[in-house]
Amino acid sequence: MKPNQIKLKYLIMGVAMAAFFLTGIGSIWNGYRMNVDSIKENTLETNRVYAQKLATTASSYLEEAFQTLGYSASTIKTKMYDENALIQETERLKKQNNMFNSVLITNAEGHVLSISPPSEEVQGKVLTSVGAKEALSKREPLVSKPYKGITGRLLIFISYPIFSGTNEYLGMVAGTIYLKERNVFNELLGEHYYHDGSYVYVVDSDGRVIYHQDPSRINDSVIDNEVVQAVVSGKSGAQQVKNTKGVEMLAGYSAVPLASWGVVAQRPLKVALAPSFDRVQDVAIKSIPLMLISVFIVLWMAARIANPLQQLATLTEESMESKNVEGLKSVRSWYFEAHYLKSALIRSLTFLQGQVSYFKDQSTTDPLTGVTNRRTMDAMLAEWLENDLPHALILLDLDHFKSVNDTYGHAVGDKVLQFLAQNMKAVAREGDVCCRYGGEEFVMLLPTTTAEEAAQVAEQLRDMLAHTTSPCGRPVTLSAGVAVYPQMADTTEKLIEAADDALYLAKQAGRNRVMVAEQENKLKNILK
């Protein structure tokens with residue numbers, strides 16, 4: 001043997017160690033990337049749902065505001081010359097539910113007849129502001145863009161016209177929202193539920209901020225933001241974007257068509273991904289002892305494997321010199337030793353594959369509740385649809401879950417979601433799949449199941465929750481909608497829509513109940 005040649009023992013050790021560490025690093029990196037992608041998708045979907053709910057809240061507020069002002073307009077149309085009646089009406093509107101910072105009534109020329117709270121700067125004056133002129137000109141229910149009023153305040157003007165019984169325009173009744181002072185938005189929208197740099201803001205049709213958790217940002221123009229451009233054009237969705245300070249954010253957005261507003265809820269990308277870094281670090285630290293033990297085993301096995309092979313090489317050289325073949329016959333079992341090396345590598349790779357499986361499992365389950373996540377649910381439904389597999393879908397939602405978060409805090413709210421997930425698994429049959437759809441909405445997928453069977457499963461879950469004390473110290477209830485493929489829908493989208501419609505009617509019917517899509521159609525006909 002030449003002195004410069006590397007011994008087989010060291011070659012085996014080098015190859016084994018290289019395979020061990022390269023495979024381990026590659027597995028951890030791939031698992032980390034899959035986990036990051038999963039977190040991004042979950043965060044974007046969470047913010048989209050959150051922004052959509054806030055937009056719905058804002059729309060409900062505007063509708064209620066118009067209804068309130070409209071009722072007042074119909075009440076005072078015969079009392080426009082009764083000063084005391086007008087004063088009483090503005091005071092009633094102001095104190096009724098704190099919807100507005102101030103309330104006023106004008107005649108057809110914009111002359112302020114009454115205002116609450118009283119203001120010498122406004123009382124008896126003719127309104128010449130942009131919002132007032134627009135309302136007097138259009139003579140229809142109107143939400144103005146932000147502008148500075150007579151008092152110098154930045155405000156939004158919500159007005160409703162007053163017409164006589166003969167359809168003569170008499171003036172308007174209006175409420176104002178002072179944007180840079182505490183107003184109804186603070187009560188309706190509040191702060192983002194994550195206090196980690198996440199925030200919520202509202203923009204008008206020009207991309208100007210009309211609500212922000214930081215009052216100094218009110219009236220800032222953010223129209224250059226891609227998300228703002230999308231939401232002011234009436235779109236809703238979620239995407240990764242840089243904010244005005246250059247920080248990468250995961251943003252969900254939803255339009256408020258009634259006023260051409262947009263609601264944006266966003267969370268810093270770095271904050272959202274922090275658990276992923278921590279998880280990888282934790283796995284790596286916990287794996288070090290096992291990795292060290294595995295390394296020791298690999299080195300020991302390499303030495304044990306190399307010794308017989310070195311004997312074989314020596315015997316081969318001696319045999320060639322002495323022409324003695326008996327020594328070679330004595331090591332015929334050398335292939336078994338090679339097989340032994342292969343077994344050691346397989347054991348090592350099995351350990352590493354376990355790490356890959358762990359990270360893959362993390363990417364297919366919801367990290368909070370442990371049930372299947374939205375992405376995996378979508379893939380499963382697509383496969384069932386492709387194979388034309390009949391199945392039922394239960395879409396369920398905790399009733400008044402926002403009050404749980406508001407009353408007990410989000411930590412307890414998370415435990416309630418985990419409590420729901422555990423009960424879903426308890427009632428699930430073999431083959432059923434429990435999924436988190438988003439927020440407090442969950443889905444159960446039931447293959448080869450009829451509507452009646454699915455409704456029984458949903459009812460069993462509903463009854464279990466209603467009679468079991470939850471982590472918040474009292475039972476919580478749920479409403480559920482059931483739909484079946486292909487009897488009620490021929491696509492996944494239509495199936496989810498049918499279940500969602502049934503869920504909506506379950507809530508409309510009083511919550512804490514299960515509604516099947518066919519029942520939903522019957523109920524719609526009854527309501528008609």
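This section reports on the structure supplied with the text. (Residues numbered from 1 in each chain as written. Predicted model: local features only at pLDDT ≥ 70, side-chain atom pairs only at ≥ 80, totals over all residues. Heavy atoms only, no water.)

1. Considerations on the overall build of the protein chain
Secondary structure summary: the protein chain contains 14 helices and 16 strands in total. The burial tally for the protein chain puts 47% of its 528 residues in the buried class. Of the contacts formed within the protein chain by residues at least 6 apart in sequence, a portion of 60% connects residues at least 24 apart. A total of about 27,200 Å² of accessible surface is found on the protein chain, and carbon and sulfur atoms cover 53% of it. (Helix = DSSP H or I, 4+ residues; strand = E, 2+ residues; numbered from the N terminus. Buried < 20%, exposed > 50% of the residue type's maximum accessible area, 1.4 Å probe, protein only. Contact = heavy atoms within 4.5 Å. Areas by Shrake-Rupley, 256 points an atom, 1.4 Å probe, with all protein chains shown as cover.)

2. Some details on a nonpolar patch on the surface
A cluster of nonpolar side chains, namely Leu290, Ile293, Phe296, Ile297 and Trp300, defines an oily patch on the protein surface of about 520 Å² accessible area. Among the structural elements, Phe296 can be located in helix α6 (residues 269-322). (Patch = residues over 30% accessible without salt bridge, like charges linked within 9 Å, V, L, I, M, F, W, Y side chains within 5 Å. Salt bridge = Lys/Arg side-chain N within 4 Å of Asp/Glu carboxyl O.)

3. Some thoughts on the sheet that holds strand β7 (residues 199-203)
The strand order β8-β7-β11-β10-β9 describes an open sheet built from five strands, whose pairing is antiparallel. Of all the strands in the sheet, just β8 (209-212) and β9 (237-242) have a single pairing partner and so form its edges. Pairs of neighbouring strands in the sheet enclose a mean axial angle of 25°, with direction left out of account. Across five bridges, the pairing between β7 and strand β11 (residues 261-268) is antiparallel. Bridging from a neighbouring strand, Val203 pairs with Gly262 of β11. (Pairing = 2+ DSSP bridges. Axes fitted to C-alpha atoms, helices over the stretch in contact; angles between N-to-C directions.)

4. A few points about the sheet that holds strand β12 (residues 391-398)
What links the strands of a sheet is backbone hydrogen bonding, and the strands pair in either a parallel or an antiparallel sense. Taken in spatial order, the five strands line up as β13-β14-β12-β15-β16 in an open sheet, and their pairing is mixed. At either margin of the open sheet sits one strand with a lone partner, and together these are β13 (433-438) and β16 (514-516). Here the strands of the sheet are splayed against their neighbours by 20° on average, with no regard to which way each runs. Inspection of the sheet shows β12 paired to strand β14 (residues 441-447) by seven bridges, in the antiparallel sense. By the bridge assignment for β14, His391 is matched with Pro447.

5. Side note on the packing of aromatic side chains
Scanning the model with the defined rule gives four aromatic pairs in all. Here the aromatic cluster, defined as three or more aromatic residues joined through ring pairs, consists of Phe185, Tyr211 and Trp261. (Phe/Tyr/Trp six-rings, centres within 6.5 Å; stacked < 30°, edge-to-face > 60°.)

6. Describing the packing of helix α10 (residues 401-408) against helix α11 (residues 410-427)
As a packed pair, α10 and α11 sit with axes 7 Å apart at the nearest point and diverge in direction by 140°. As the angle between them shows, α10 and α11 are arranged oblique. Residues Phe401, Val404, Asn405 and Tyr408 of α10 pack against His410, Val412, Gly413, Val416 and Leu417 of α11. For the contact of α10 with α11, the class distribution of residues is six nonpolar, three polar and no charged. (Parallel < 35°, antiparallel > 145°, perpendicular 65-115°, else oblique. Nonpolar A, V, L, I, M, F, W, Y, C, P; charged D, E, K, R; others polar.)

7. Considering the pairing of β7
Of all the five residues making up β7, five are buried; the element is thus mostly covered by neighbouring parts of the structure. Side-chain alternation along β7 places Tyr199, Tyr201 and Val203 on one buried face and Val200 and Val202 on a second face that is also buried. As paired strands, β7 and β8 are joined by three bridges and run antiparallel to one another. Among the inter-strand pairings, Val203 is bridged to a residue of β8, identified as Val209. With antiparallel pairing between neighbouring strands as the criterion, β7 and β8 make up a hairpin whose turn holds five residues, including Gly207 at a positive phi of roughly 80°.

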